[in-house]
Amino acid sequence: MEAFLHGMILAFGLILPLGVQNVFVFSQGATQPRLVRALPASITAAICDTLLILLAVFGLSLIVLQFEWLRIALMTVGILFLLYMGYTIWCSNPATADNNEALPIKKQILFALSVSLLNPHAILDTIGVIGTSALKYSGTEQILFTAACVLISWLWFLGLIIAGASLKKLDSSGKLMNIFNKCSAIFIWATALYLFSGIL
């Protein structure tokens, strides 16, 4: 039970901070005409997180942490991606958006894949923190630890689209969502700068 609780607390601590992945999933809940239309983004993000968690627990962390060039390559690609995503979010204008501009299923899945698998912060956190923490456990305890991390991920991303849909009901003008987008873009650019300082 200790391993399960450890996994829940650790996963929640890693997934809670505002980031590109969270911003995208939340925004789909806020912009899609119906909650069910935002499920592709939420489910894709959860599947990607599950994959990263499984890879981290079963040894990928040891590979990445041993090769400095691989870490730098991941971070460089991720920084460029974060700069682009920040610009895209900054330029979006939910106050003038209508339901026809909500992302279709294919684009939701592609964007969710990119913000999940090209996000160095998420990758390094998952591999570095969850992967190394999993080394403490073996057998059933390791399975419980992994299951807890995966469970929190799925619950979180489903909760984000519900929160986004709730905001849309409270903010029909889109002004709050616009402020949220601007703040998110600034945070994402700041994350890119922070990662860049780690390369220097």
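Residues numbered from 1 in each chain as written. Predicted model: local features only at pLDDT ≥ 70, side-chain atom pairs only at ≥ 80, totals over all residues. Heavy atoms only, no water.

Examining the overall build of the protein chain
- Counting secondary structure elements, the protein chain contains eight helices and zero strands.
- The helix and strand sequence of the protein chain, counted from the amino end, reads α-α-α-α-α-α-α-α.
- A burial count over the protein chain gives 42% of its 200 residues as buried.
- The contacts of the protein chain with a sequence gap of at least 6 include a subset with a gap of at least 24, amounting to 89%.
- In the structure as shown, the protein chain presents an accessible area of about 10400 Å², 73% of it carried by carbon and sulfur atoms. (Helix = DSSP H or I, 4+ residues; strand = E, 2+ residues; numbered from the N terminus. Buried < 20%, exposed > 50% of the residue type's maximum accessible area, 1.4 Å probe, protein only. Contact = heavy atoms within 4.5 Å. Areas by Shrake-Rupley, 256 points an atom, 1.4 Å probe, with all protein chains shown as cover.)

What to know about helix α2 (residues 20-31)
- Relative to the 16 Å expected for twelve residues at 1.5 Å per residue, α2 spans 16 Å between its end C-alpha atoms, a close match to the ideal helical length.
- With eleven of twelve residues buried, α2 is to be regarded as a mostly interior element.
- Along α2, the residues classified as buried are V20, Q21, N22, V23, F24, V25, F26, S27, Q28, G29 and A30. (Expected span 1.5 Å × (residues − 1).)

A word on a nonpolar patch on the surface
- A surface patch of nonpolar side chains, amounting to about 400 Å² of accessible area, comprises I105, I109, L110, L113 and L117.
- Within the secondary structure, I105 sits in helix α5 (residues 105-117). (Patch = residues over 30% accessible without salt bridge, like charges linked within 9 Å, V, L, I, M, F, W, Y side chains within 5 Å. Salt bridge = Lys/Arg side-chain N within 4 Å of Asp/Glu carboxyl O.)

Overview of the nonpolar core
- Grouped together as the largest cluster of nonpolar side chains are 41 residues, with contacts concentrated most on V25, I130, F145 and F157.
- At the level of secondary structure, the elements contributing two or more residues to this core comprise α1 (2-15), α2, α3 (39-66), α4 (68-91), α5, α6 (120-134), α7 (140-170) and α8 (175-199).
- Apart from residues lying up to four places away in sequence, I130 is in contact with L10, L14, I53, V57, D125, F145 and C149. (Core = buried A, V, L, I, M, F, W, Y, C linked by side-chain atoms within 4.5 Å.)

A closer look at the packing of aromatic side chains
- Tallied over the full model, the rule gives three aromatic pairs.
- Here F24 and F111 contribute two aromatic rings whose centre-to-centre distance is 5.7 Å and whose plane-to-plane angle is 20°, an arrangement assigned as stacked. Of this pair, F24 sits in helix α2 while F111 is found in helix α5, placing the two residues 87 residues apart along the sequence.
- Judged by relative accessible area, which is 25%, F111 ranks as partly exposed.
- Measuring from centroid to centroid gives 5.4 Å for Y137 and F145, while their planes differ by 35°, and the two rings are tilted. Judged on exposure class, the residue Y137 and its partner F145 are both buried.
- Seen from the ring of W90, K182 lies directly overhead, with NZ or CZ sitting 4.5 Å from the centre. (Phe/Tyr/Trp six-rings, centres within 6.5 Å; stacked < 30°, edge-to-face > 60°. Lys NZ or Arg CZ within 6 Å of the ring centre and 35° of its normal.)

With respect to the confidence of the model for the protein chain
- With 86% of its residues at a pLDDT of 70 or more, the protein chain has an overall mean of 79.
- Ranking the elements of the protein chain by mean pLDDT puts α6 last with 73 and α7 first with 89.
- Note on residues 96-100: pLDDT is under 50 here. Beyond four places in sequence and across chains, it has two contacts. (pLDDT = per-residue confidence, 0-100.)

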